[in-house]
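Coordinate inspection notes
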Amino acid sequence: MEVTNVWLTDDAVWIKTADGREEKELFADYARLKNAPREALEDYYVSEFGIHWKILNEDLAFECFFMKKPKSPLYKLFLSHPEINVSALARRLGISQSLMAQYVGGAKKPSAERMQAIVNEIRKIGAELTIATI
C-alpha cells in the first residue's frame, strides 16, 4: 500500500493512499495517543509500513487503517495496560516493532507459538517487577 499523505485532526490520525482512499484511526483507541499532549502527537515519523511515535512508543501499521477492527486479545491487553511498552516488548522478543504493531492492530495474527512467546515474555516482565528492589 502506498500512502501519499498523513495528517492529524483533533481526534484522529488520517492517511491517504495513492489510489485516493482515506481512512483514520481514532486517538481514543490507543491509550498512549489518547492521553498525549498535542506536541507529542505531532512528533511522528512515517515509514513504508506505518506511523511511529518514538517518544510515545506507539506504532500504527497502515494495513490496520482499512481493516475491520475485531479487538484481538493483544489489542485489549495493551489498551488496558498502556504502561506495557509494545516497542520494548518487541525488542525483548527479537521481532520488529512494525510486526508487533500489526499483531496488536489485527493486521496480522501471530502463530500459536509466537502468541505463547509474547505471553511468556509479559509474564517474565511481571515476575521481574515483583522482585524489583529500590
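Further up the page is the structure itself.
Keep in mind the model is a prediction, meaning the values are calculated, not measured.

Quick notes on the rules
- Residues numbered from 1 in each chain as written.
- Predicted model: local features only at pLDDT ≥ 70, side-chain atom pairs only at ≥ 80, totals over all residues.
- Heavy atoms only, no water.
- Pairing = 2+ DSSP bridges.
- Helix = DSSP H or I, 4+ residues; strand = E, 2+ residues; numbered from the N terminus.
- Core = buried A, V, L, I, M, F, W, Y, C linked by side-chain atoms within 4.5 Å.
- Buried < 20%, exposed > 50% of the residue type's maximum accessible area, 1.4 Å probe, protein only.
- Contact = heavy atoms within 4.5 Å.

Remarks on the sheet that holds strand S5 (residues 50–53)
Pairing within the open sheet is antiparallel, and its three strands lie in the order S4-S5-S6. Only two strands of the sheet have a single partner each, and these edge strands are strand S4 (45–46) and strand S6 (58–61). One ladder, built from four bridges, connects S5 with S6; its direction is antiparallel. Across the sheet, His52 pairs through a bridge with Asp59, a residue of S6.

Section: the nonpolar core
Membership of the largest hydrophobic core comes to 17 residues, with the highest contact counts inside it found for Val13, Leu33 and Ile51. Among the secondary structure elements, those contributing two or more residues to this core are strand S1 (3–8), strand S2 (12–17), helix H2 (38–41), S5 and helix H3 (62–65). Each residue touching Ile51, except ones within four places of it in the same chain, is listed here: Val6, Val13, Ile15, Tyr44, Tyr45, Glu58, Asp59, Leu60, Phe62 and Phe65. The next biggest cluster of nonpolar side chains, apart from the first, holds 12 residues, and it includes Ile84, Leu89, Ile95 and Met100.

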